[in-house]
Amino acid sequence: MSRKTRVRFAPSPTGPLHMGGVRTALYNYLYAKQNGGDFILRIEDTDSHRFVPGAEEYIIEALSWCGIVPDEGVDASGKVVETPSERHPHAPYRQSQRKPIYRQYAEQLIANGFAYYAFDTADELAARRAEAEAAKQTFIYNQVTRKTLRNSLTLPAEETARLLETTTDWTIRFKMPENTVVVMDDLIRGHIEVNTDTLDDKVLWKRADELPTYHLANIVDDHLMEITEVIRGEEWLPSLPLHYMLYKAFGWEDTMPRFAHLSLLLKPDGKGKLSKRDGDKLGFPVFPLRWVNPEGEVSRGYREDGYFPEAFVNLLAFLGWNPGDDREILSMDELVQAFSLDRIVRSGARFSVEKAHWYNREYLRMKSTEELTGLFIPILEQNGIHREKDYVAAVVALTRERVTFVADFWTVAKCLFVAPDSYDEKDAAKFWTAENATLVGAAASWLCKDYSGPWTKVGIEEALVEHIRSQEWPMGKVMNALRLALTGAASGLGIADLAALLGPAEVAARVASAEKALMK
RNA sequence: GCUCGGUUCGUAUAACGGUUAGUACUCAAGAUUCUCAAUCUUGCAAUAGGAGUUCGAUUCUCCUACCGAGUACCA
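Residues numbered from 1 in each chain as written. Chains lettered and ligands numbered in written order. Predicted model: local features only at pLDDT ≥ 70, side-chain atom pairs only at ≥ 80, totals over all residues.

Caption draft 1: Representation of the overall build of chain A. What chain A contains, in helices and strands, is 20 helices and 14 strands. The globule rule puts the C-alpha radius of gyration for 520 residues at 24 Å, and the 32 Å found for chain A is more than 25% above it. In terms of its C-alpha atoms, chain A occupies a principal-axis envelope of roughly 110 × 55 × 40 Å. Counting all 520 residues of chain A, 37% fall into the buried class. Across chain A, the fraction of contacts at a sequence separation of at least 24, relative to all contacts at a separation of at least 6, is 72%. (Helix = DSSP H or I, 4+ residues; strand = E, 2+ residues; numbered from the N terminus. Rg over C-alpha atoms; globule rule 2.2 N^0.38 Å. Buried ≥ 20, exposed ≤ 12 C-beta atoms within 10 Å, placed from the backbone. Contact = placed C-beta atoms within 7 Å.)

Structural data, given as structure tokens:
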């Protein structure tokens, strides 16, 4: 019997989702869609101390910007579903609201001898840890040390019963079996074996806030929500044996999901994984969307930096995966088709800004001039420019091969909307010499007054070049000086393109302004 | 420290025992152009090191080095 594919993305709302998290969500989504299954969003907010306001909304908005829409867990209005319905049978999808579910499972484990009550306080354990550290050792709550600690395994039954009644900071811990080899199979990494002697007795449930820890909540919810594959970050690999043991302890081995652990995204400069803290110090965003933390600190986002979501998704998909052929530009639909878990790369990937720029440029070029014009107009308006759409479209058509982001249109083509207010000093010194200035004046005057051909790029180009040649003027010098007068710098757009868009009156005016400003 | 992962040009990756080790980005040079960009062409550049297995190792095994993760009443 084969089950319907169901995968989940289960972030914890402790801050904005970073790009590594988005990639994990993306791979889950691609896998689900490819297999005709469901992609579920579940909020893992079992740590009551680390809740960050706005994080949950951020996560949903970021996924939505990327085109990753959960089938289950989030409703049409983008809210996490709290009450069960046909579409969302497992609601609530926020673990804090599933509180009552978990305790019985933890108790079931105790009843069957797979877990026990532990009464050591957090302070006591911290002290033990400090002690061990001072002796250059590591304290682990495991099958050896648990015999020397205060728990239902070492205490008399009456004492346990009394503590359960009278104290409120006890926990339920998993009783890790001794000297057992856990044999695991990871969809990406293959066969892995670990001896339980190297593992510790993890806390599963906390009496203090009556909430489970990740390990318990995760297994219980994945089981209840009928998850078939767990695709998550490599940081969970060391917990995999515990999770295997838990499925076994619950007797859920027959429906245990298959696991796939993704390698991490690394910092471009080498050391360590790309973390939330890196922020924009590295010269590129680590977050999909801009994030303002509760202290008011701003981190930039791909969206606000001008990336197209399709480009972002595409580049993220290729950070640790490839389709096995030479294609590099794939739409979401094509990614769904091409995706496969066994082509995921095992090693960690470093992000490259250049490649990211390249991706965005490719996507920008695939867009119509019409669409780009629509995106550019608001930027013009922010700069106080209001021009007719046809003119803007002509500018976009002319410069679209030169830009990476829509915002670049402004820097590249500003001179087509406003006259230069200054001239590059080096270029002026080189090209605006006394005799050359005279020639530029003459050339401009000829073009604007005497030239009677069509005022188009081609017409102007042919006539102007021809005229300069016939006068035996130095082509490069005159042209560059002309561009200096028109744009404020000697390098950039073609003279004929510039003139065609600017019109004869504006060309004449700008040359006159340059003559005035650059007169020695 | 211990446990578990990982290691191919600068970066992302391909080659799942036999290739002149391929591709893309970056970079460089040339072509083109009035300049710059774009474009086209060409080029630079890698199997971490050492043992083994094998007729033959990037590929399999072991050791070393390095990188990463985990080692919380965080996820």
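Caption draft 2: Geometry of the protein's contact with RNA strand B. Not every one of the 65 residues close to RNA strand B is listed here, only the nearest: Ser 12, Glu 44, Ser 347, Arg 350 and Gly 494. Among the secondary structure elements, those contributing two or more residues to the surface near RNA strand B are α4 (122-134), β6 (190-195), β7 (203-206), β14 (349-350), α11 (353-366), α18 (475-487) and α19 (495-502). When residues in the surface near RNA strand B are grouped by element, the largest group, five residues, is from α18. Taken together, the residues of the surface near RNA strand B break down into 23 nonpolar, 20 polar and 22 charged. (Near = placed C-beta within 6 Å. Nonpolar A, V, L, I, M, F, W, Y, C, P; charged D, E, K, R; others polar.)

Caption draft 3: Spotlight on the environment of Pro 268. For Pro 268, the position within the fold is in the loop between β11 (265-266) and β12 (291-292). Residue Pro 268 is classed as partly exposed on the basis of its C-beta count, with 14 C-beta atoms lying within 10 Å. The spacing of Pro 268 and Ala 500 is 232 residues in sequence and 44 Å in space, taken between C-alpha atoms. Excluding residues within four positions of it along the chain, Pro 268 makes contact with Leu 282, Arg 350, Phe 351 and Ser 352.

Caption draft 4: Structural view of the environment of Glu 124. Within the fold, Glu 124 resides in helix α4. Assessed through the 12 C-beta atoms surrounding it within 10 Å, Glu 124 is described here as exposed.

Caption draft 5: Structural context of the nonpolar core. Ranked by internal contacts, the top residues of the largest apolar core, which has 125 residues, are Leu 26 and Leu 482. With nine residues, the top contributor of residues to this core is helix α1 (residues 19-34). Apart from the residues lying within four places of it in its own chain, the contact partners of Leu 26 are Cys 66, Ile 68, Val 313, Leu 316 and Ala 317. (Core = buried A, V, L, I, M, F, W, Y, C linked by C-beta atoms within 7 Å.)

Caption draft 6: Representation of the packing of helix α12 (residues 369-382) against helix α13 (residues 389-399) in the model. Here α12 crosses α13 at 110°, and the two axes come no closer than 9 Å. In terms of axis orientation, α12 runs roughly perpendicular to α13. Note on packing geometry: the crossing formed by α12 with α13 is right-handed. Facing Thr 369, Glu 370, Leu 372, Thr 373, Phe 376, Ile 377 and Leu 380 of α12, the residues of α13 in contact are Lys 389, Val 392, Ala 393, Val 396 and Ala 397. Here the residues of the contact of α12 with α13 sort into eight nonpolar, two polar and two charged. (Axes fitted to C-alpha atoms, helices over the stretch in contact; angles between N-to-C directions. Parallel < 35°, antiparallel > 145°, perpendicular 65-115°, else oblique. Left-handed = near helix turned anticlockwise from the far one by under 90°.)

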